[in-house]
Every structure is written in C-alpha cells, then in structure tokens.
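Here is how the chains run, residue by residue.
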Protein chains: 2
Amino acid sequence: MAAKTRQKPDAPDASDRVSRIREGVTAAILEHRLLPGTKLGEDEIGEIYGASRTLVRTALQQLAHEGIVNIEKNRGAFVARPTPADAREVFEARRLIEPTIVDRAIDAVSPAWLDRLGQHLAEEREAELRGDARASVRLSGEFHRLVAEMSGHGIYLGFLKELIARSSLIILLYRRHDTPACGTDHHAGIVAAIRKRDKARAGALMLSHLNEIEAELFLKDPAADELRLADVLGA
Amino acid sequence: MAAKTRQKPDAPDASDRVSRIREGVTAAILEHRLLPGTKLGEDEIGEIYGASRTLVRTALQQLAHEGIVNIEKNRGAFVARPTPADAREVFEARRLIEPTIVDRAIDAVSPAWLDRLGQHLAEEREAELRGDARASVRLSGEFHRLVAEMSGHGIYLGFLKELIARSSLIILLYRRHDTPACGTDHHAGIVAAIRKRDKARAGALMLSHLNEIEAELFLKDPAADELRLADVLGA
DNA sequence: ACAGGCGAAACTTTATACAATCTTCGCCCG
DNA sequence: CGGGCGAAGATTGTATAAAGTTTCGCCTGT
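All of these numbers come straight from a predicted model, not from anything done at the bench.

## Thoughts on the confidence of the model for chain A
All names here are of chain A. Taken as a whole, chain A shows an average pLDDT of 87; of its residues, 84% reach a score of 70 or greater. Across chain A, helix H4 (residues 84-107) holds the top mean pLDDT of 98, while helix H10 (residues 224-234) sits lowest at 47. Across the whole predicted complex the pTM is 0.88, and at the interface the ipTM reaches 0.88.

## Here's the deal with the relation of the copies chain A and chain B
If you rotate chain A by 180° and push it 0.0 Å along the axis, it lands on chain B with an RMSD of 0.1 Å. Taken together, these values place the two copies in the relation of a two-fold axis. When you check the interface residues of chain A against chain B, 100% turn up at the interface there too, and the contact is symmetric in its surfaces.

## As for the protein's contact with DNA strand D
Around DNA strand D, a shell composed of 17 residues is seen, among which Ser-52 and Thr-54 of chain A together with Gly-41, Glu-42 and Gly-76 of chain B lie nearest. When residues of the surface near DNA strand D are traced back to their parent elements, those giving at least two are helix H3 (53-66) of chain A together with helix H2 (42-49) of chain B.

## Structural notes on the interface of chain A and chain B
Listed as interface residues are 18 residues of chain A and, on the opposing side, 18 residues of chain B. Of all the secondary structure elements, the ones that give two or more residues to the side of chain A that touches chain B are H3, strand S2 (69-72), H4 and helix H7 (154-174) of chain A. The leading source of residues in the side of chain A that touches chain B is H4 of chain A, at six residues. Of the residues in the side of chain A that touches chain B, the class split is eight nonpolar, eight polar and two charged.

## With respect to the protein's contact with DNA strand C
As a matter of local geometry, DNA strand C sits amid 18 residues, with Glu-42 and Gly-76 of chain A together with Ser-52, Thr-54 and Asn-74 of chain B nearest to it. Mapped onto the surface near DNA strand C, the elements with two or more residues apiece are helix H2 (42-49) of chain A together with helix H3 (53-66) of chain B. Broken down by class, the residue content of the surface near DNA strand C amounts to three nonpolar, seven polar and eight charged.

## Points about the sheet that holds strand S1 (residues 39-40) of chain B
Residue and element names in this part refer to chain B. An order of S1-S3-S2 is seen for the three strands of this open sheet, with the pairing classed as antiparallel. Edge strands, defined here as strands with exactly one partner in the open sheet, are S1 and strand S2 (69-72). Across two bridges, the pairing between S1 and strand S3 (residues 76-79) is antiparallel. Within S3, the residue paired with Lys-39 across the bridge is Phe-78.

## Re the environment of Glu-212 of chain B
All names here are of chain B. Tracing the chain through its elements places Glu-212 in helix H9 (residues 199-215). Taking the number of C-beta atoms within 10 Å as the measure of exposure, Glu-212 has 12 and is therefore exposed. Taking the C-alpha atoms as reference points, Glu-212 and Asp-103, 109 residues apart in sequence, are found 20 Å from one another.

## A look at the domain arrangement of chain A
Interface size is commonly expressed as the accessible area that is lost once the parts come together. Residues and elements named next belong to chain A. Each domain of chain A was delimited in the assignment, giving domain 1 (17-79) and domain 2 (84-215). At the interface, nine residues of domain 1 touch eleven residues of domain 2. The element that contributes the greatest number of residues to the side of domain 1 that touches domain 2 is helix H1 (residues 17-30), accounting for three residues.

## Here's the deal with the packing of H2 of chain A against H3 of chain A
Residues and elements named next belong to chain A. Interhelical geometry of H2 versus H3 gives an angle of 110° and a closest axis separation of 9 Å. By the criterion of interaxial angle, the relationship of H2 to H3 is roughly perpendicular. The segment H2 lies against H3, with Glu-42, Asp-43, Ile-45 and Gly-46 engaging Arg-53, Val-56 and Arg-57. Residue composition of the contact of H2 with H3, grouped by class: two nonpolar, one polar and four charged.

## Structural notes on the pairing of S2 of chain A
All names here are of chain A. Sheet topology note: the S2/strand S3 (residues 76-79) ladder contains four bridges and is antiparallel. Paired with Val-69 across the strands is Val-79, a residue of S3. A loop of three residues connects S2 with S3, the two strands running antiparallel in sequence, and Asn-74 in this loop sits at a positive phi of about 65°.

## Describing the environment of Lys-196 of chain A
Following the sequence through the fold, Lys-196 of chain A ends up in the loop between helix H8 (184-195) and helix H9 (199-215). Between the C-alpha atom of Lys-196 of chain A and that of Ile-106 of chain A, which follows or precedes it by 90 residues, the distance is 9.0 Å.

Analysis parameters
- Residues numbered from 1 in each chain as written.
- Chains lettered and ligands numbered in written order.
- Predicted model: local features only at pLDDT ≥ 70, side-chain atom pairs only at ≥ 80, totals over all residues.
- pLDDT = per-residue confidence, 0-100.
- Helix = DSSP H or I, 4+ residues; strand = E, 2+ residues; numbered from the N terminus.
- Least-squares fit on C-alpha atoms with pLDDT ≥ 70 in both.
- Contact = placed C-beta atoms within 7 Å.
- Near = placed C-beta within 6 Å.
- Nonpolar A, V, L, I, M, F, W, Y, C, P; charged D, E, K, R; others polar.
- Pairing = 2+ DSSP bridges.
- Buried ≥ 20, exposed ≤ 12 C-beta atoms within 10 Å, placed from the backbone.
- Domains from an automatic or database assignment.
- Axes fitted to C-alpha atoms, helices over the stretch in contact; angles between N-to-C directions.
- Parallel < 35°, antiparallel > 145°, perpendicular 65-115°, else oblique.

Below you can see the structure in the form of structure tokens.
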C-alpha cells in the first residue's frame with residue numbers, strides 16, 4: 001500500500017533537495033575541492049543547485065552541526081578550519097571508537113559484506129593507480145564509513161561520519177609530506193583480519209592505522225594555518 | 001571595544017532566540033515534561049516563545065540532528081521515541097566513551113572543578129530529599145555532562161550531550177520500577193575517585209554505574225511502547 | 001600623502017505570503 | 001449501521017520580500 005509516500009525517516013540517499021545540496025557540498029569538501037576558510041555564500045550555492053536560499057540555509061546548518069562548516073553570525077558560512085587541538089581530539093576519538101566498530105563489524109560479517117569490502121579495496125587500488133588524488137581521498141574515508149555501516153550500529157556510524165569529515169580537513173591542513181596514499185595496504189590488512197574473524201588483530205591494525213595517519217601530521221602552533229593554506233592554494 | 005557585538009562562535013548560553021527555543025524544548029524533554037511521541041507544532045512553539053516559524057523550524061532541525069526529535073516529512077516534529085535497539089546502542093556507546101572521559105577529566109582536575117562537582121552533588125542530594133523528580137532527572141544527566149566538560153574534550157562533550165539526551169527518553173520509556181534515584185551514591189563514589197585521582201577506580205565505577213542503569217531497563221519488543229507510554233500518562 | 005570617517009552595496013537574518021500535503025470530519029452509499 | 005469517498009481545515013514546505021549588519025570604497029581634512 002502506501003509504501004512510497006512514507007519513506008524511512010533518514011533515507012540514505014534522500015532525494016529531497018536539501019539532502020542533495022548537503023551531499024554535494026560535503027563531497028566537495030571531502031575531495032578537497034573546497035578548501036578550509038572558503039566562504040560559502042547562500043546565493044552562490046543556491047544558484048548552483050537551482051534552489052532557494054531557504055534550502056541552502058538548511059543544508060549549511062546541518063553541515064555546521066557536523067563540524068565541517070562554521071557559521072559566523074551575520075557573516076556567513078565558511079568551510080571549517082580545524083585547529084591542531086581539534087585534530088588531536090578527532091584522532092583520539094577515532095582511536096577510541098574505531099577498534100570497537102571493527103569488533104562489532106566482525107560480529108555482523110557476511111558474504112555480501114565481504115564482497116562489498118573487496119570491491120571497495122579494488123576501487124581504492126584503481127584510483128591510486130590512476131593517480132586520482134581526489135577519488136583516493138574520498139575512498140579512503142569511505143572505507144572507514146563502510147566498516148561502520150557493517151557494524152550495524154547507527155550511533156557509532158553517525159559519530160564516525162562526523163569524525164571522518166573532520167579528518168579530511170585536518171589531513172589537508174596538516175599533512176607533512178604529500179605521501180599520496182598512506183594506508184591502502186592498511187585497509188587491505190584490516191579486511192583480511194575481518195575475513196578471518198580475528199577481532200584482536202583487526203582492532204590492533206585499525207589502531208596502528210590511525211596512529212600512522214596522525215603521525216604524519218604536523219600539529220604545531222595554530223598560526224601556521226595561514227602558511228599551510230597558502231601552500232595548498234599555490235599548488 | 002566591540003566585545004559585545006562579536007561573541008564567541010558557539011557560545012554555551014547563546015542569547016539568540018533560536019538557542020533559547022532549543023534549550024527550552026530540550027529542558028522540557030529532559031525533565032520529562034514533554035513525553036515521547038508528543039507533537040511539536042511550529043505555530044504552537046512559536047507562540048510560546050514569541051518567535052516566527054522560521055526560528056522554531058531552525059531549532060527543531062537542530063534537535064532532530066541531536067536525536068531527541070523526529071521530523072517526519074509533511075507531518076511535523078515529534079519528541080523521539082527510541083526503540084529498545086536504540087537504547088542498547090546508546091548505552092553501549094556510553095560504556096565505551098564515559099570511562100575514557102573520566103580518565104581525561106582526572107588529568108584536568110583542579111580545585112575549582114572539585115568545588116563544582118561537590119556543589120553539584122549537594123544539589124542532587126537536595127533535589128532528592130525534596131522529592132523533586134524533575135530536577136533529579138535533569139541533575140542526574142547534568143552530572144555526566146559536567147564530567148565531560150571537565151575533560152576539556154569538545155568532541156567527547158558533543159557526543160555525550162547527544163547520548164545523555166537520548167538516555168533521558170530511554171529511561172522514561174523503559175524503566176522497570178520507579179526507583180526514583182538509582183545512582184546518587186554512584187555519582188558520589190565517582191567524585192571521590194576523581195578526588196583521589198584514581199583513574200582505574202573512577203573508570204570502573206562509571207562503567208558499573210552505566211551497567212546498573214541499563215540493568216534497570218526493560219528492553220523487550222518495540223510494540224510495548226504504547227503500553228508503557230499509556231502507563232506513564234495515566235500516572 | 002595619509003588617517004579617519006561617512007555612505008553605499010552586499011550579505012545575512014527574520015518575517016510573511018503562497019503552495020502543497022496531510023488530517024479530519026461529515027456525508028453518502030451499500 | 002458500518003465503511004468508504006470527498007471536501008474543508010489545518011499544518012508543513014518553499015519562496016520571496018523586508019530589516020539589520022557588516023564590509024569595502026571613497027572622500028574629506030589635516
């Protein structure tokens with residue numbers, strides 16, 4: 001019967017327009033097409049997506065709540081610029097949550113999920129061979145989200161989505177050398193451990209993976225943000 | 001100079017009107033004055049706070065993102081009614097995060113914070129003696145938030161605020177017997193451990209505290225929601 | 001030439017009006 | 001008398017317009 005009118009409350013690819021805006025802007029930020037500090041004018045975005053400012057505003061407010069956009073009163077919305085302190089908090093939280101998520105994911109493992117993971121690893125490898133940095137960045141984050149979805153834990157998934165989005169900005173701002181793909185092999189190792197249902201090993205690998213990513217960051221004084229940003233923009 | 005015009009971006013008690021609406025509704029939900037499933041009409045709330053629907057809508061969207069309000073398309077906003085599965089997820093997440101938060105709080109301990117904690121315990125005791133159930137519920141949640149603020153970890157604090165708000169709804173829906181204050185002594189014990197900077201003990205006490213709260217819940221089939229709600233309303 | 005202030009333009013914020021959708025109540029038919 | 005159809009009422013979704021704030025350029029005075 002009325003199965004089409006009442007769609008589930010938080011449809012993943014919700015076809016309404018505000019979700020399309022939100023996901024478009026999110027993708028642009030996660031792929032490093034929009035740099036930290038960039039002004040996100042309401043008219044500007046509205047014209048791109050053919051939507052009214054009302055809808056754009058809604059989307060921007062959601063992004064602000066997720067921590068990847070800052071809204072300054074009477075000034076507008078800007079792509080967030082996490083401080084080194086923020087960065088340390090984000091990675092501490094990820095080190096706490098993600099090993100647990102892997103653990104739960106192994107509980108929920110199934111052939112279909114293993115296929116999905118294998119397929120994702122293939123995509124990551126392909127993007128890296130292609131030298132497509134944007135796709136690599138996006139897929140790297142999506143791997144972690146995939147594991148969280150696999151765990152079937154909605155709250156962990158929500159938290160992790162936030163942490164991943166912020167991590168993307170942090171990596172852009174503070175990565176030391178431009179090691180293009182730090183941990184493709186790491187992901188493969190984690191999947192292997194999941195296949196073997198080896199919780200201890202999977203959790204340990206996830207932890208060391210996160211540690212290695214953070215170790216490649218240069219988290220010093222906040223004033224260095226400007227320099228770093230100029231560097232990225234010049235390249 | 002212009003110190004009043006540009007206040008910090010995420011002021012805790014932001015005096016703008018949308019925050020006042022959000023906090024008012026949140027307080028009403030946390031104090032169990034608004035029951036799960038209650039319709040939150042935009043005009044209705046707008047008239048109470050003397051605000052336009054635009055502002056009310058913004059506040060409701062924020063509450064929806066925090067998980068304590070559900071917005072159904074073309075139907076309106078309702079106080080969320082967590083399922084037993086949601087409840088288990090919330091408490092699993094709290095068991096993971098809160099011991100870590102206590103740990104970090106002990107790192108940041110100071111005489112001022114210890115005063116604040118002691119003062120809070122006194123308030124809790126007083127409310128309980130008074131038999132003020134509403135204040136008890138609110139203060140019980142605020143204790144956990146206080147520890148999170150003490151930890152100085154903004155992300156953990158944000159996550160925990162969400163979890164506490166949801167917990168309040170869960171306890172209302174699924175508590176077995178009306179044990180008025182399950183864990184006032186627990187809170188005191190945790191504070192004592194914090195005073196002694198005994199991380200292991202503080203974390204363990206927090207964990208058992210959460211376990212005991214969850215143990216008092218009756219998490220069976222989702223269909224029982226209706227009965228439970230009717231029970232509460234009748235009382 | 002330079003500092004300070006005035007003013008206009010652009011943008012965000014808030015309110016209001018319009019359109020679309022759902023709910024409810026009444027009526028009619030079986 | 002019960003069930004279903006339909007129209008009126010109410011409520012939400014969206015767009016547009018009015019109001020307030022910030023910012024930038026320009027002009028004047030020293």
